Amino acid sequence: MHPIDPFYLTWKAREYSQNTRFIELAGEINTSMPLHVVNRTAEALNARRKAMNGSRVLVIGLAYKPNVDDERESPSYVLMNLLKERGAETAYYDPYVPVIRLTREHAHWAGACR
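Calculation notes
Residues numbered from 1 in each chain as written. Predicted model: local features only at pLDDT ≥ 70, side-chain atom pairs only at ≥ 80, totals over all residues. Heavy atoms only, no water. Helix = DSSP H or I, 4+ residues; strand = E, 2+ residues; numbered from the N terminus. Rg over C-alpha atoms; globule rule 2.2 N^0.38 Å. Contact = heavy atoms within 4.5 Å. Areas by Shrake-Rupley, 256 points an atom, 1.4 Å probe, with all protein chains shown as cover. Lys, Arg positive; Asp, Glu negative; His and termini not counted. Charge placed at Lys NZ, Arg CZ, Asp CG, Glu CD. Core = buried A, V, L, I, M, F, W, Y, C linked by side-chain atoms within 4.5 Å. Buried < 20%, exposed > 50% of the residue type's maximum accessible area, 1.4 Å probe, protein only. Salt bridge = Lys/Arg side-chain N within 4 Å of Asp/Glu carboxyl O. Phe/Tyr/Trp six-rings, centres within 6.5 Å; stacked < 30°, edge-to-face > 60°. Lys NZ or Arg CZ within 6 Å of the ring centre and 35° of its normal.

> Would you mind going over the overall build of the protein in detail, with residue names and values included?
Helix and strand counts for the protein stand at 3 helices and 2 strands. Starting at the N terminus and walking to the C terminus, you meet the elements of the protein as α-α-β-α-β. In summary, the protein has a C-alpha radius of gyration of 17 Å against a globular reference of 13 Å for 114 residues, an excess of more than 25%. Principal-axis analysis of the C-alpha atoms gives the protein an extent of 55 × 30 × 25 Å. For the protein, contacts bridging at least 24 residues in sequence account for 49% of all contacts bridging at least 6. A total accessible area of about 8500 Å² is found for the protein, and carbon and sulfur atoms account for 56% of it. Distance between charge centroids for the protein: 7 Å, based on 15 positive and 13 negative side chains.

> Quick one: what's the story with the nonpolar core, residue by residue and with numbers?
For soluble globular proteins, the rule of thumb is that nonpolar side chains tend to be buried together. Met52, Leu62, Met80, Leu83, Tyr92 and Ile100 are the most contacted members of the largest nonpolar core, which totals 18 residues. The set of elements that each furnish at least two residues to this core consists of helix H2 (21–47), strand E1 (56–60) and helix H3 (75–85). A per-element tally of this core places H3 first, with 5 residues. Once residues within four sequence positions are removed from consideration, Met52 is found in contact with Val38, Thr41, Ala42, Leu45, Leu83, Arg86, Gly87 and Ala88.

> Kindly report on the pattern of salt bridges, identifying the contributing residues and their values.
For the structure on display, the rule yields 8 salt bridges. In this structure, Glu71 engages Arg101 in a salt bridge whose closest nitrogen and oxygen atoms are separated by 2.8 Å. Here Glu71 is found in the loop between E1 and H3, whereas its partner Arg101 is found in the segment after strand E2 (89–93), with 30 residues between them in sequence. Connected via shared salt-bridge partners are Asp69, Glu71 and Arg101.

> Tell me what's going on with the packing of aromatic side chains, and back it up with residues and numbers.
The tally for this structure, following the rule as stated, stands at 0 aromatic pairs. Taking the ring centre of Trp109 as reference, the NZ or CZ of Lys84 above it sits at 5.2 Å.

Coordinates in, geometry out; function isn't part of it.
Here you go:
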């Protein structure tokens, strides 16, 4: 059996002085993905002589896992925040999340509809 959250495994392994660098590195890579996607999106827009600022960008998929309505911990929120910071008009589509629920971390997205 393995934990759903790999960082729990890292925390637990430290109790036994075990190295979990591979898990930590994977987490760092996953954490950097929203910025990577935004940079690739900006490159694609620039290649078509368009700016991120003022562009309309649709993020497809909000839920953390496929085919569920649980968007907690979803990196899509980070992605949408980064796009918005760069001036993009940002919307999302996820058939399992028709309306974004109020959360402490992403309250400014609450009520947004797909």
